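Structural overview for review
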Amino acid sequence: MKTTGIIAEYNPFHNGHAYQIDTIRKQTGADNIVIVMSGNFVQRGMPAFTDKYLRTAMALENGASFVFELPVIYASASAGLFALGGAALLESLGFVDNICFGSECGNINILNQAVNALTNNNISGPVINKFIKSGMSYPAAQAIAIAQQVPGHTEETSQVLSQPNNILAIEYLKALKLLKSKITPFTIKRCDNGYNNKDYTSCIDNFSSATAIRTAFANEKEPIHAISSFVPGNILKILSQNTERININENMLSNILYYKLRSIIDKNNIPRTVSKLTEFLDVSSALANRIIKNIGNYNTFTGFTNTLKTKQYTYSRICRSLLHIILDIRKDNFNITFPLSAQDSLDACQITPYARLLGMDKSKSSILKNIKNTILITKTADAIKSIRNNTSYSQSLINFAEKTFEKDIFAADLYRNTTHNSNNTCPDEYRAGIIIK
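As the structure is a prediction and not an experimental result, all values here were calculated from the model.

1. Structural notes on the overall build of the protein
The helix and strand inventory of the protein stands at 20 helices and 10 strands. Relative to its length of 437 residues, the protein is compact, with a C-alpha radius of gyration of 21 Å against a globular reference of 22 Å. Taken along its principal axes, the extent of the C-alpha atoms in the protein is 60 × 60 × 55 Å. Within the span of the protein, comprising 437 residues, buried residues form 56% of the whole. Counting contacts in the protein only where the partners sit at least 6 residues apart, residues at least 24 apart contribute 72% of the total. When the accessible surface of the protein is totalled, it reaches about 18,500 Å², and 47% of it is carbon and sulfur. With 45 positive and 34 negative side-chain charges, the protein shows a spacing of 4 Å between the two charge centroids.

If you want it as structure tokens, here you go:
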């Protein structure tokens, strides 16, 4: 039996995602589709449009065999860590044959050329940081580093580094190399107007980005009607029946973000405050100083992000940094040493030491018996006990697994209790159970 893995957010699920699953089955003859999906917070540094259980149901209704949760420390991280966490989880399952991801270029050879340029020519963090300090964003700095330092590079190689899904695809390929994985990668060309495109009125052939769909919900009086041609019929039904669980946005976290920042910031001791803020993932000294300087102008999550935004710090980068402060995700929460280099060799379970099952096709359940190398979590109440009783892990790995899982529970509880009103039907972590189709 062939199994293909997808790392996704489904924020929310749309026709492009359905197209990917259908294309995988046609091109690979895959019997099983395994999804590694972000939980209640996503890589943009925001709460998910709807909770992970509803998004799991969406995936299962449209052909997924299994849905596993990507731990929040990776789901909310920048592209490199997001990709590494997802690839490691797929690798740790032990039965995934290949991985499929979308890209703007749709050409695995060009993507591999970019990976080789980055990993074989010593395009290191310090080299890229030199350009970032001049005011460039990370993607732009990375592209310039290749252009200046790799003999014989092509304009095509540099160009792919300016597009978001290509960048993520490159990170997937780098992650597979670090893991010495035998999982075979392939890519599918995106069919919409682009990952960041917000215009839901000018989409191509019923394909729209998730960003455009979320924009429709923010702008339209009847958003379900506005997006009806961009999502499968069963998704429209799920959305229509769960209106109290959808259209979640970052401004619902505005008060808790302000409280957290004010509890940290001491303008009478700025060096100590900077030191505290830079303990959080993605918060640099420069960004910490901007946070301190502008806290008096705080209004909302979105407003403060726009205040902090510069050419060097993209909107998404700042959102991620602020979310890490809210969720208390720190640079030392990971079980790896930064920065990673092309010479590193990582064990998948060192990265993601458990696989939490969110949902499955009941007819495929026997496949789970093939999971040997990692801890399968199917019941929240038993998770910590299962982790502590694992005899194949070192004590340090057990500690990492336990703390990472507790962070997942904390993030899910925070999402549920800050983004929903008294009519909340989003299940808590101990009552949700596995979604079974």
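2. Some remarks on helix α10 (residues 210-219)
Burial of α10 is extensive: 8 of the 10 residues sit out of reach of the surface. Here α10 has its buried residues at Ala-210, Thr-211, Ala-212, Ile-213, Arg-214, Thr-215, Ala-216 and Phe-217. Of the surrounding elements, those touching the buried residues of α10 are α11 (223-226) and α12 (233-241).

3. Quick notes on the environment of Ile-351
Within the secondary structure, Ile-351 is located in helix α18 (residues 348-351). As a C-alpha pair, Ile-351 and Ala-88 span 263 residues in sequence and 6.3 Å in three-dimensional space.

4. Some thoughts on the pattern of salt bridges
The final tally for this structure, using the stated rule, is 12 salt bridges. The shortest N-O distance in the salt bridge between Asp-282 and Arg-320 comes to 3.9 Å. Pair noted here: Asp-282 is in the loop between α14 (270-277) and α15 (285-294) and Arg-320 is in helix α17 (residues 315-327), with a separation of 38 residues, a long-range link. For the pair Asp-282 and Arg-320, one class covers both residues: buried. For the salt bridge of Arg-388 with Glu-402, the shortest nitrogen-to-oxygen distance reads 2.5 Å. Here Glu-402 lies in helix α20 (residues 395-418) and Arg-388 lies in helix α19 (residues 380-388), a separation of 14 residues in the sequence. Since its relative accessible area comes to 52%, Arg-388 is described here as exposed. Owing to a relative accessible area of 13%, Glu-402 belongs among the buried residues under this scheme. Counted as one network, the salt bridges with shared partners bring together Lys-52, Glu-69, Arg-356 and Glu-429.

5. Let's talk about the environment of Lys-407
Looking at the secondary structure, you find Lys-407 in helix α20. Along the sequence, Lys-407 and Ala-87 sit 320 residues apart, while their C-alpha atoms lie 20 Å from each other.

6. Describing the nonpolar core
Phe-68, Leu-93, Leu-261, Ile-291, Leu-322, Ile-325 and Leu-327 are the most contacted members of the largest nonpolar core, which totals 105 residues. The greatest single-element share of this core, amounting to 10 residues, is contributed by helix α4 (residues 79-93). Excluding residues within four positions of it along the chain, Leu-322 makes contact with Leu-257, Ile-291, Phe-301, Phe-304, Thr-305 and Leu-308.

7. Structural notes on the side chain of Thr-380
Among the secondary structure elements, Thr-380 is positioned in helix α19. A polar atom in the side chain of Thr-380 sits 2.8 Å from the side chain of Arg-356. Polar contacts involving the side chain of Thr-380 include one to the main-chain carbonyl oxygen of Glu-429, which spans 2.8 Å. Once you skip the residues sitting within four places of it in the chain, Thr-380 turns out to touch Arg-356, Phe-405, Ile-409, Glu-429 and Tyr-430.

8. A few points about the packing of α4 against helix α9 (residues 164-178)
Following both chains from N to C, one finds α4 and α9 inclined at 50°, their axes separated by 8 Å at the closest point. The orientation of α4 with respect to α9, classified from their angle, is oblique. In the crossing of α4 with α9, the sense of the turn from one axis to the other is right-handed. In this structure, α4 uses Ala-79, Gly-80, Phe-82, Ala-83, Leu-84 and Ala-87 to contact α9, whose residues at the interface are Leu-168, Glu-171, Tyr-172, Ala-175 and Leu-176. Counted by class, the contact of α4 with α9 contains 9 nonpolar, 1 polar and 1 charged residues.

9. Looking at the environment of Ile-35
In this fold, Ile-35 is placed in strand β2 (residues 32-38). Ignoring sequence-local partners within four residues, the contact set of Ile-35 consists of Ile-6, Ala-8, Tyr-10, Ala-64, Phe-66, Val-67 and Phe-68.

The rules behind each value
Residues numbered from 1 in each chain as written. Predicted model: local features only at pLDDT ≥ 70, side-chain atom pairs only at ≥ 80, totals over all residues. Heavy atoms only, no water. Helix = DSSP H or I, 4+ residues; strand = E, 2+ residues; numbered from the N terminus. Rg over C-alpha atoms; globule rule 2.2 N^0.38 Å. Buried < 20%, exposed > 50% of the residue type's maximum accessible area, 1.4 Å probe, protein only. Contact = heavy atoms within 4.5 Å. Areas by Shrake-Rupley, 256 points an atom, 1.4 Å probe, with all protein chains shown as cover. Lys, Arg positive; Asp, Glu negative; His and termini not counted. Charge placed at Lys NZ, Arg CZ, Asp CG, Glu CD. Salt bridge = Lys/Arg side-chain N within 4 Å of Asp/Glu carboxyl O. Core = buried A, V, L, I, M, F, W, Y, C linked by side-chain atoms within 4.5 Å. Polar contact = N/O pair within 3.5 Å; in protein donor to acceptor, adjacent residues only side chain to side chain. Axes fitted to C-alpha atoms, helices over the stretch in contact; angles between N-to-C directions. Parallel < 35°, antiparallel > 145°, perpendicular 65-115°, else oblique. Left-handed = near helix turned anticlockwise from the far one by under 90°. Nonpolar A, V, L, I, M, F, W, Y, C, P; charged D, E, K, R; others polar.

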